[in-house]
Amino acid sequence: MKKSHLFIASLLLLAKTSQAQDLSRYIPKDATAVATFKSAKLFELIGMEQFNNSKFGESLNKSLQGKNIDETGLDLKGNFYYFLLETDSTTTHGILLPMAKRDLVINTIQQQLETGANAVQYLDKTPYMRSASGKDLYSWKDNCLVMLSTNFKYSYFIDDSIANKYGIERYSPSTSIAPYYEEEYAQTDSVTGVLDSLYDDQNYSVKDVTIENPSGAWENYDNYYEREDSIKRALQEKWTIDKLQEWHALEEKSTLQTNAAFLKNSRKDALASIWINDLSNLYQEAIPPINPFTLFQYPQRSGMRGFQWAEAHLICNEREAKIVGEIALSPSVAQSFKKIYDKKINRKLLAYAPLDSALSIMSISINTKEYLRQLPVLMSDIYSSLLGMYGEEVELAGDLMSLLIDEEAIGNVVLGDGLFWVNGINEFERTYMSYEYDDNYNYKEIEKTKTERLPDFSILFSSKDQSFFKKLLQYGKNRGKIVEEEPGIFRLQERRSPMDLYLTMRKGIVALGTSKGDITNIAKGKKAIKASRKNKNIIRGNNFAFLVNSQPTREILWKELALDKQNATLNTFIQRVSDVKLTSKGVKDSSLVGEIGVDVPRGSDNGLTYLLDLIGSIATSM
């Protein structure tokens, strides 16, 4: 065999061996959701001593009765997993932990459970330990420790045939209370008579009536629920044992390692990840078809047809800490979204926006014409599937809107790209009417004013056809609601509004907001101070962006919250507040993508240490 072939074969064998050691081979292929935590990555970013001394590490130390995590016997070079399994009757939560020293791990659990060495039980050679509540099971296989908990679904027992199957009888309060009314009010002909008999005829006050317990009605009520609860608790314990046995019997072909979508979307640079197998299934489980408390039947749903799987990854490095997310779309919805997001923001808008000095700024860039054109597809594939039995009506509404709406005309009025920013918090005086009363309770209206603190904001968007806005302004002027303070600068006069609203239009741009300075500058063509390349690139490179600038945020925190600057811990926390960004590039391939992140300030080694420092500062100041 050639050396090159031997080398490749060795690499493949090594990769296969590495995959075989990963605990994902103990997760069922059809798991609803899976979370991965890479402990090796954790201790690559932060040293063991630094972790143990952090607030999070100290809390973990207390929960482990004084042990550090490296003293538990767990393999801190392996991946930790959480998985969720859903059936029509149960929800199962599972946690998988890799073990380096199995006996030490079991001993640690026994100490936690406070049940001693006799806690280990066997069922068909399956070892397990049970928590004090009986709801959680601990077991192990090879180098894997599993913690399993199975809960029944209340909605499962609403069906009478299922309830009867397990010996659960329906309780009818009227049947148990009826003998009381028959005995005490046998001569009463109406409900009014029953109520009247409880009142004193002279003083119209409630009589001192003692209601005897009729035929043990309330005992029956308590006994019914005690019996039902005992049945369900027994079922829950049995089903948890069943799930544990299924886990031990899991075959390799039925594990997550054969799920192509999961394997495809794993990221080596992620500290932690979450993967959802089917958003439609998760949605249906989150909102069950039957409300167990009101027995109200929700509309039957066919799931979220437009969405498939989803994933999110926590990435920490020297520059930032961020969560990167992705939602897989159905082919038809992906095609529609690509057309909707096929637009870049108008760069003329950026010239007037204080990108660096604003407290926060949001940008959006979509194609309004395409959104309206794709509305029937979205109504059919997303909204109708969410509403279930009303799906046909929703689809018809989408088609009707498509017939009535002039996409071209509306798309010219509002192109679909815009900016929204908040400069800060300002004081606004609001006029309102109050009343004063004299000694004879005669009143008169009095106009008063009060000061309110509200955000000072501006909105900017592109418009090719501004005739509609001109007509709207003229209408407002005719009705005395709008005044033109300066040429091209309009103010909305609304007595009940706590703030003045200004509006102007200029060369394909419409601007409105509470900041008269911003609106005046736009009307006169005065551009904002040149912004940093960083913030410009974020807005230009994304269809959606939301930025929080750290410097004005720190100033707002000190000013508005009137915090004590002598509080060293809180002062440190505020000084270390960093820039935050939430962005989305729209559709990539056939998935909707986005991320939220925070920059790492000077003084922090990486994103993880920065986050732990923030958590520690918050915990100390509370």
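What you see as residue numbers is a count from 1 along each chain, following the sequence as written. Residue-level local features of this predicted model are given only where pLDDT is at least 70; pairs of side-chain atoms are given and counted only at 80 or more, and the full residue set underlies all totals for whole chains, interfaces and linings. The basis for every side-chain value is the complete set of heavy atoms in the structure, and neither hydrogens nor water enter the calculation.

1. Observations concerning the overall build of the protein chain
Put simply, the rule reads: A run of DSSP states H or I qualifies as a helix once it reaches four residues; a run of E qualifies as a strand once it reaches two. Both are numbered from the N-terminal end. We call two residues in contact when some of their heavy atoms are within 4.5 Å. What sets the accessible areas is the Shrake-Rupley method with a 1.4 Å probe; for residues, cover comes only from the shown protein chains.
In terms of helices and strands, the protein chain carries 22 helices and 20 strands. Long-range pairs, those at least 24 residues apart, make up 68% of the contacts in the protein chain with a sequence separation of at least 6. Roughly 35900 Å² of accessible area belongs to the protein chain as shown, and the carbon and sulfur atoms make up 54% of that amount.

2. Comments concerning the nonpolar core
Defined as follows: In plain words, nonpolar cores are sets of buried Ala, Val, Leu, Ile, Met, Phe, Trp, Tyr and Cys residues tied together by side-chain atoms within 4.5 Å. For each residue, the accessible area found with a 1.4 Å probe, counting protein chains only, is set against the maximum for its type, and the residue is called buried under 20%, exposed over 50%, and partly exposed in between.
Among the nonpolar cores identified, the biggest contains 28 residues, and Leu 42, Ile 109, Met 129, Leu 145 and Leu 608 are the most heavily contacted of them. Residue contacts for Ile 109: discarding those within four places in its chain leaves Met 129, Tyr 138 and Leu 145.

3. Details of the packing of aromatic side chains
The description of an aromatic ring pair rests on the distance of the ring centres and on the angle between the ring planes. Using the following cut-off: Centre distance within 6.5 Å is the pairing criterion for rings of Phe, Tyr and Trp, where only the six-membered ring of Trp is used; planes under 30 degrees apart are then read as stacked, over 60 as edge-to-face, and the remainder as tilted.
Evaluated as defined, the whole model comprises 18 aromatic pairs. Aromatic pair Tyr 26 and Trp 247: ring centres 5.6 Å apart, planes at 45 degrees, arrangement tilted. Placement of the pair is Tyr 26 in the loop between α1 (3–21) and β1 (33–38) and Trp 247 in helix α9 (residues 217–248), with a sequence separation of 221 residues. Residue classification places Trp 247 among the buried residues on the basis of a relative accessible area of 4%. Ring centres of Phe 461 and Phe 469 lie 5.8 Å apart, and the angle between their planes is 55 degrees; this geometry places the pair in the tilted category. Joined through ring pairs, the aromatic side chains of Phe 152, Tyr 154, Tyr 156, Phe 157, Tyr 166 and Trp 239 make up one cluster.

4. Considerations on the pairing of strand β17 (residues 509–513)
Both faces of the sheet carry side chains from a regular strand, because those side chains alternate between them. Our working rule: If DSSP finds at least two bridges between two strands, the strands pair.
With four of five residues buried, β17 is to be regarded as a mostly interior element. Sheet analysis places strand β16 (residues 501–506) next to β17, joined by five bridges and oriented antiparallel. Within β17, the residue paired with Arg 506 across the bridge is Ile 509. Counted along the chain from β16 to the antiparallel partner β17, the turn is two residues long, and its residue Lys 507 has a positive phi close to 40 degrees.

5. Topic: a nonpolar patch on the surface
The condition is simple: Patch definition: residues above 30% relative accessible area lacking any salt bridge, with like charges linked at up to 9 Å and the nonpolar side chains Val, Leu, Ile, Met, Phe, Trp and Tyr linked at up to 5 Å. The term salt bridge refers to a side-chain nitrogen of Lys or Arg lying within 4 Å of a carboxyl oxygen of Asp or Glu.
The grouping of Ile 323, Val 580, Leu 582 and Ile 596 at the surface amounts to a nonpolar patch, some 280 Å² of accessible area in total. Relative to the helices and strands, Ile 323 resides in strand β10 (residues 320–329). Judged by relative accessible area, Ile 323 falls into the partly exposed class, the value being 40%.

6. Some words on helix α19 (residues 533–540)
Since there are 3.6 residues in each turn of an α-helix, residues three or four apart along the chain are aligned in direction. This is how the line gets drawn: The directions from the helix axis to the C-beta atoms are what the arc is built from.
Burial in α19 covers these residues: Asn 535, Lys 536, Ile 538 and Ile 539. Projected onto a plane normal to the axis of α19, the buried residues spread over an arc of 160 degrees and lie on a single side.

7. Overview of the pattern of salt bridges
The final tally for this structure, using the stated rule, is 20 salt bridges. A salt bridge links Arg 373 to Glu 370, with the shortest nitrogen-to-oxygen separation between them at 3.3 Å. Of this pair, Arg 373 and Glu 370 both sit in helix α14 (residues 368–387), three residues apart, which is roughly one turn of that helix. On the accessibility criterion, Arg 373 (40% relative accessible area) is partly exposed. When the shortest N-O distance is used, the salt bridge between Lys 477 and Glu 484 registers 3.4 Å. Residue Lys 477 is classed as partly exposed on the basis of its relative accessible area, which comes to 32%.

8. Some details on the pairing of strand β2 (residues 79–86)
Counting buried positions along β2 gives six out of eight residues, so the element sits mostly inside the fold. As paired strands, β1 and β2 are joined by six bridges and run antiparallel to one another. Counterpart to Lys 38 in the pairing with β2 is Asn 79. Bridge analysis of β2 against strand β3 (residues 90–98) gives six bridges, and the strand direction is antiparallel. Looking at β3, one finds that Tyr 81 is bridged to Leu 96. Connecting the antiparallel pair β2 and β3 is a turn made up of three residues.

9. Notes on unusual backbone geometry
Keep in mind that most residues, glycine aside, have a negative phi and that most peptide bonds are trans. In this structure, Lys 125 is a non-glycine residue whose phi angle is positive, near 70 degrees. A positive phi angle, near 40 degrees, is found at Lys 507, a position not held by glycine. In this fold, Lys 507 is placed in the loop between β16 and β17.

10. Concerning the environment of Ile 425
Assignment of secondary structure puts Ile 425 in strand β12 (residues 417–437). Residue classification places Ile 425 among the partly exposed residues on the basis of a relative accessible area of 24%. Between the C-alpha atoms of Ile 425 and Phe 457, which are 32 residues apart in sequence, the distance is 9.0 Å.

11. Digging into the confidence of the model for the protein chain
Note the cut-off: Scored from 0 to 100, pLDDT reflects the predictor's confidence in each residue.
Of all residues in the protein chain, 78% have pLDDT values of 70 or greater, and the mean over the chain is 80. When mean pLDDT is compared element by element in the protein chain, strand β11 (residues 360–365) scores highest at 96, while α1 scores lowest at 39. Across residues 174–215 the pLDDT falls below 50, and counting only partners more than four positions away or on other chains, this stretch makes 32 contacts in the model. Counted against residues more than four places away or in other chains, residues 289–301, with its pLDDT under 50, gives 28 contacts.

12. Description of the side chain of Thr 240
Keep this limit in mind: Definition of a polar contact: a pair of N or O atoms within 3.5 Å, with one able to donate and the other able to accept a hydrogen when the atoms are protein atoms, and with sequence-neighbouring residues admitted only if both atoms are side-chain atoms.
With respect to the helices and strands, Thr 240 occurs in helix α9. Reaching out from Thr 240, the side chain makes a polar contact with the backbone oxygen of Gln 236 at a distance of 2.7 Å. Filtering out sequence-adjacent residues up to four positions away, Thr 240 remains in contact with Lys 135, Leu 137, Leu 148 and Thr 150.

13. Overview of the environment of Leu 244
Mapped onto the elements of the fold, Leu 244 is located in helix α9. Among the residues examined, Leu 244 registers a relative accessible area of 2% and is labelled buried. In this structure, the C-alpha to C-alpha distance between Leu 244 and Val 146, residues 98 residues apart in sequence, is 8.9 Å. Excluding residues within four positions of it along the chain, Leu 244 makes contact with Thr 126, Tyr 128, Leu 137, Ser 139, Val 146 and Leu 148.

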